[in-house]
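# Overview (structure and organization)
Here's the letter readout for the chains.
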Amino acid sequence: MSSFAYCPNCPTDFFSTASPGNTDSSRKSYQAITSFLENILSIAPSIISKIFFGKEITSLKKLEAIVDDAEEQDVLVTERTIANALVFLLTLPKDVVLPELDFEENGDITMEWYRDKWNLFSVIVDEGDTYYYAGLFGSEKNREKGRKPLDGATDDTVVSCIKKIQG
């Protein structure tokens with residue numbers, strides 16, 4: 001059974017909305033539309049995951065939440081600090097889990113990866129062009145700390161420390 005729809009601009013009163021007819025142009029048109037829709041559907045999952053689950057969106061939402069919390073407590077987190085935190089988060093490798101975020105009374109943003117009280121790693125970002133880090137890895141003797149320039153790439157030492165906590 002065929003379906004038809006009225007088209008006021010078409011030379012005939014009706015055009016088919018069903019399966020392709022027997023003409024070559026009808027079959028080619030149907031194949032082109034089908035191919036187009038298949039291509040769209042094949043890339044849809046990656047687009048959807050990027051939109052709803054991507055690190056970029058998650059980072060923005062986490063930052064927005066802590067900035068809202070800071071405002072409620074009358075703590076000023078500057079736009080520059082937020083931008084620096086976002087740069088740091090977005091330069092993390094894809095296989096690194098995003099940290100828990102919080103703010104300090106002075107407006108700095110802290111990022112923490114935590115496994116237990118003896119395995120944790122923190123990064124502090126402020127308005128400057130440097131981020132600070134410290135980690136504890138199993139005992140008081142196994143520590144790491146330092147500072148690195150915020151230059152658009154996460155330092156390998158910092159990534160290694162984060163991965164130690166992730167296990």
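Residues numbered from 1 in each chain as written. Predicted model: local features only at pLDDT ≥ 70, side-chain atom pairs only at ≥ 80, totals over all residues. Heavy atoms only, no water.

Our focus in this paragraph is the side chain of D126. Locating D126 in the fold gives a position in the loop between β5 (119–125) and β6 (130–137). It is R80 that comes nearest to the buried, bridge-free D126 among opposite-charge side chains, at 7.8 Å. Here the side chain of D126 touches G128 through a polar contact of 2.8 Å, landing on its backbone nitrogen. In contact with D126, not counting residues within four places along its chain, are T81, N84, D108 and Y132. (Helix = DSSP H or I, 4+ residues; strand = E, 2+ residues; numbered from the N terminus. Buried < 20%, exposed > 50% of the residue type's maximum accessible area, 1.4 Å probe, protein only. Lys, Arg positive; Asp, Glu negative; His and termini not counted. Salt bridge = Lys/Arg side-chain N within 4 Å of Asp/Glu carboxyl O. Polar contact = N/O pair within 3.5 Å; in protein donor to acceptor, adjacent residues only side chain to side chain. Contact = heavy atoms within 4.5 Å.)

So, about a negative patch on the surface. A cluster of like negative charges, contributed by E64, D68, D69, E71, E72, E100, D102, E104, E105 and E112, occupies part of the molecular surface. Breaking the negative patch down by element, the ones donating at least two residues are α2 (55–72) and β3 (100–103). Top element by residues in the negative patch is α2. It accounts for 5 residues. Relative to the helices and strands, D69 resides in helix α2. (Patch = residues over 30% accessible without salt bridge, like charges linked within 9 Å, V, L, I, M, F, W, Y side chains within 5 Å. Areas by Shrake-Rupley, 256 points an atom, 1.4 Å probe, with all protein chains shown as cover. Charge placed at Lys NZ, Arg CZ, Asp CG, Glu CD.)

Our next topic: the packing of α2 against helix α3 (residues 79–90). Two elements in contact, α2 and α3, have axes whose closest approach is 10 Å; the angle formed by their N-to-C orientations is 150°. Classed by the angle they form, the pair α2 and α3 counts as roughly antiparallel. When the axes of α2 and α3 are compared, the crossing they make is right-handed. Across the interface between the two elements, K55, E56, S59, L60, L63 and V67 from α2 touch I82, A85, L86, L89 and L90 from α3. When the residues that make up the contact of α2 with α3 are grouped by side-chain class, the tally is 8 nonpolar, 1 polar and 2 charged. (Axes fitted to C-alpha atoms, helices over the stretch in contact; angles between N-to-C directions. Parallel < 35°, antiparallel > 145°, perpendicular 65-115°, else oblique. Left-handed = near helix turned anticlockwise from the far one by under 90°. Nonpolar A, V, L, I, M, F, W, Y, C, P; charged D, E, K, R; others polar.)

Once that is clear, we can look at the environment of R147. On the secondary structure map, R147 appears in strand β7 (residues 143–149). Taking the C-alpha atoms as reference points, R147 and V123, 24 residues apart in sequence, are found 9.1 Å from one another. Those residues in contact with R147 that sit more than four places away from it in its chain are T130, Y131, Y132 and Y133.

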